[in-house]
Amino acid sequence: MTEEIVKSALSKVMYPGFTKDIVTFGFVKDIAINETAVSFSVEITSSAPEVAQQITDEATEALKAVGVTAVNCNIKAPKMPKESSSHGKNIAPQVKNFLMVSSGKGGVGKSTTSVNIAIALAAQGLKVGLLDADIYGPNIPRMMGVADVKPEVNGNKVLPIKAYGIEMMSMGSLMEEGQSLIWRGAMIMKAIEQFLRDILWSELDCLVIDMPPGTGDAQLTLAQSVPVTAGLTVTTPQSVSLDDSRRSLDMFKKLNIPIAGIIENMSGFIAPDTGVEYDIFGKGTSTPMAKEFDTEIIAEIPIEPAVRTGGDEGKPVTFSAPDSESAKRFVAAAASIWATIEEINANGGVDNQSVQPTTPPGVSACSTGGASSAPKQGGGCGCS
Ligand SMILES: Nc1ncnc2c1ncn2[C@@H]1O[C@H](COP(=O)(O)OP(=O)(O)OP(=O)(O)O)[C@@H](O)[C@H]1O
Ligand SMILES: [Mg+2]
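Residues numbered from 1 in each chain as written. Chains lettered and ligands numbered in written order. Predicted model: local features only at pLDDT ≥ 70, side-chain atom pairs only at ≥ 80, totals over all residues.

1. Considering the overall build of the protein
Check the secondary structure of the protein and you find twelve helices and 14 strands. Computed over C-alpha atoms, the radius of gyration of the protein comes to 23 Å, within 12% of the 21 Å expected from 2.2 N^0.38 for 384 residues, which places it in the range of a compact globule. Expressed along its principal axes, the backbone C-alpha trace of the protein runs to roughly 85 × 50 × 45 Å. (Helix = DSSP H or I, 4+ residues; strand = E, 2+ residues; numbered from the N terminus. Rg over C-alpha atoms; globule rule 2.2 N^0.38 Å.)

As structure tokens, then:
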């Protein structure tokens, strides 16, 4: 028996949920061969017992097929993700953590970031959902390659659409293509609530939420409906974008949402032919702002044609071009975000009690009886 034969056999074992095998992922380590007995370890990123079992079973079968008589597969899995320890109102209690992806300005790469971070989190073995809360400009279905897929309806609930190992829902998947609606404030709030309550999300470790640009009704409603574990701001390096990003970071602060970091997108340009990195909009200009808000730039994503074509063609770069610089940086950013989320939970989690609508004493938030301080119908109280 040779290491080559062992590796080639193990490269038939796909990592559960992915189309890539455990050898290509680089998970197989410490191969030791003694005649026809083989031992090796597989360092996986998932703590789910069924993932470990499936890999062990398939690896054993693949090795036996090439003549191995004794297989010792040692799975090294991370410890179970900590349960969310967040408090307050949560209308989607099967979701443990919520990541709000926000920007002050449109077109800076929020949706691109949301898609790639969600896929990178799933590649870590987490159960991930992606909610396109940009009801005005839902782009996620196209970016996820499911623009033509209509979701299944189960009673009065809707099943999320599955792609690239994650669950996804978007207004774009619920409406006819090209249709537009004029959204009034109350409708936006209602839509956000329904996305959380009436979509049959699985038990998720993390729901990544792509917000519309700016700081408005959608952001407030989300923060009031679920305890948002962490916020991620996407910016581009130009000063005009930074001004707007400051507002987005300030919003997180006002809503008591811990900041998981800033992604500086379109930070430099990597020429596809030479791989040389050019500075176009500037680079690293967000650092002082990060300091101001006691956070960090967790990734500088260059302008890379693969990122744009990945979005247009529905083949996100973290999946379709994992060796590209952007993909590697998205993966590193996702790891950093998850570490922050675990730390937040270890320290007691978040609480959205302080951002609930205020009502006069003795008056329910839902009885809008004309009191001027009471919220309008659908004002996030969750029972309209
Ligand atoms: N790093 C990058 N390199 C190349 N193209 C990029 C990069 N980031 C984003 N793009 C492209 O820029 C366009 C805008 O990105 P995206 O839709 O993600 O921005 P957004 O902030 O979600 O916009 P909106 O505010 O309209 O929702 C898309 O066509 C996307 O593919
Ligand atoms: Mg978008």
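2. Section: the site of ligand 1
Around ligand 1 sit 21 residues in total, of which G106, K110, S111, T112 and G311 are the nearest. Considered class by class, the residues forming the shell around ligand 1 number six nonpolar, eleven polar and four charged. (Near = placed C-beta within 6 Å. Nonpolar A, V, L, I, M, F, W, Y, C, P; charged D, E, K, R; others polar.)

3. As for the nonpolar core
One finds L99, A118, L121, V128, V208, I209 and I337 to be the most contacted residues of the largest nonpolar core, which totals 79 residues. Broken down by element, the residue count for this core peaks at nine residues, all from helix 12 (residues 325-346). In this structure, A118 is in contact with V128, L130, I166 and V208, ignoring residues within four places of it in sequence. Counting residues in hydrophobic clusters, the runner-up holds 17 residues, among them V13, I22, V28 and V42. (Core = buried A, V, L, I, M, F, W, Y, C linked by C-beta atoms within 7 Å. Buried ≥ 20, exposed ≤ 12 C-beta atoms within 10 Å, placed from the backbone. Contact = placed C-beta atoms within 7 Å.)

4. Points about the packing of helix 3 (residues 110-123) against helix 12
Packed helices, taken two at a time, are described by the angle their axes make and the gap between the axes. In the contact formed by helix 3 and helix 12, the axes pass within 8 Å of each other and the chain directions differ by 70°. Between helix 3 and helix 12, the interaxial angle falls into the category roughly perpendicular. Seen from helix 3, the contacting residues are N116, I117, A120 and L121; seen from helix 12, they are F330, V331, A333, A334, I337 and W338. Its residues placed into classes, the contact of helix 3 with helix 12 shows nine nonpolar, one polar and no charged. (Axes fitted to C-alpha atoms, helices over the stretch in contact; angles between N-to-C directions. Parallel < 35°, antiparallel > 145°, perpendicular 65-115°, else oblique.)

5. Remarks on the domain arrangement of the protein
Domain boundaries assigned for the protein yield domain 1 (3-76) and domain 2 (98-355). Relative to domain 2, the C-alpha centre of domain 1 lies at a distance of 34 Å. (Domains from an automatic or database assignment.)

6. Concerning the sheet that holds strand 3 (residues 70-76)
Pairing within the open sheet is mixed, and its three strands lie in the order 1-2-3. At either margin of the open sheet sits one strand with a lone partner, and together these are strand 1 (28-34) and strand 3. Here the strands of the sheet are splayed against their neighbours by 10° on average, with no regard to which way each runs. As defined by bridge partners, strand 1 adjoins strand 2 (residues 37-43) across five bridges and the pair is classed as antiparallel. (Pairing = 2+ DSSP bridges.)

7. Topic: the packing of helix 6 (residues 185-197) against helix 7 (residues 217-225)
Helix 7 packs onto helix 6 with a crossing angle of 40° between their chain directions and a minimal axis gap of 9 Å. Considering the angle they form, helix 6 stands oblique to helix 7. In the packing of helix 6 onto helix 7, the handedness of the crossing is right-handed. Taken together, the residues of helix 7 that come into contact with helix 6 (itself represented by G185, I188, M189, I192, E193 and L196) are D217, A218, T221, L222 and S225. Residues belonging to the contact of helix 6 with helix 7 are distributed by class as follows: six nonpolar, three polar and two charged. (Left-handed = near helix turned anticlockwise from the far one by under 90°.)

8. Description of the environment of S320
Considering the arrangement of structural elements, one finds S320 in helix 11 (residues 317-320). When residues no more than four places from it in sequence are discounted, the contact partners of S320 are G310 and K315.

9. Details of the pairing of strand 12 (residues 259-270)
Looking at chain direction, strand 11 (residues 230-235) and strand 12 are connected through five bridges and run parallel. Looking at the pairing, G231 lines up with I259 of strand 12. By the bridge criterion, five bridges tie strand 12 to strand 14 (residues 297-303) in an arrangement that is parallel. Counted as the bridge partner of I263 is A299 from strand 14. Where strand 12 meets strand 13 (residues 277-278), two bridges bridge the pair, whose relative direction is antiparallel. When the sheet's bridge partners are listed, I270 is paired in strand 13 with E277. Turn length for the strand 12-strand 13 hairpin, with the two strands adjacent in sequence and antiparallel, is six residues, and the turn residue G275 shows positive phi of about 80°.

10. Here's the deal with helix 2 (residues 49-65)
A rise of 1.5 Å per residue sets the reference length of helix 2, with its 17 residues, at 24 Å; its end C-alpha atoms lie 24 Å apart and thus fit the reference within 8%. Here helix 2 has its buried residues at I55, A59 and L63. Each buried residue of helix 2 sits inside an arc of 50° when the element is viewed along its axis, so together they form one side. Residues of helix 2 that are exposed and point over 90 degrees away from its buried face: P49, E50, Q53, D57 and A65. Looking at the buried residues of helix 2, the elements they touch are helix 1 (3-10), strand 2 and strand 3. Backbone geometry just downstream of helix 2 places G67 in the positive-phi region, at approximately 100°. (Expected span 1.5 Å × (residues − 1). Arc of directions from axis to C-beta.)

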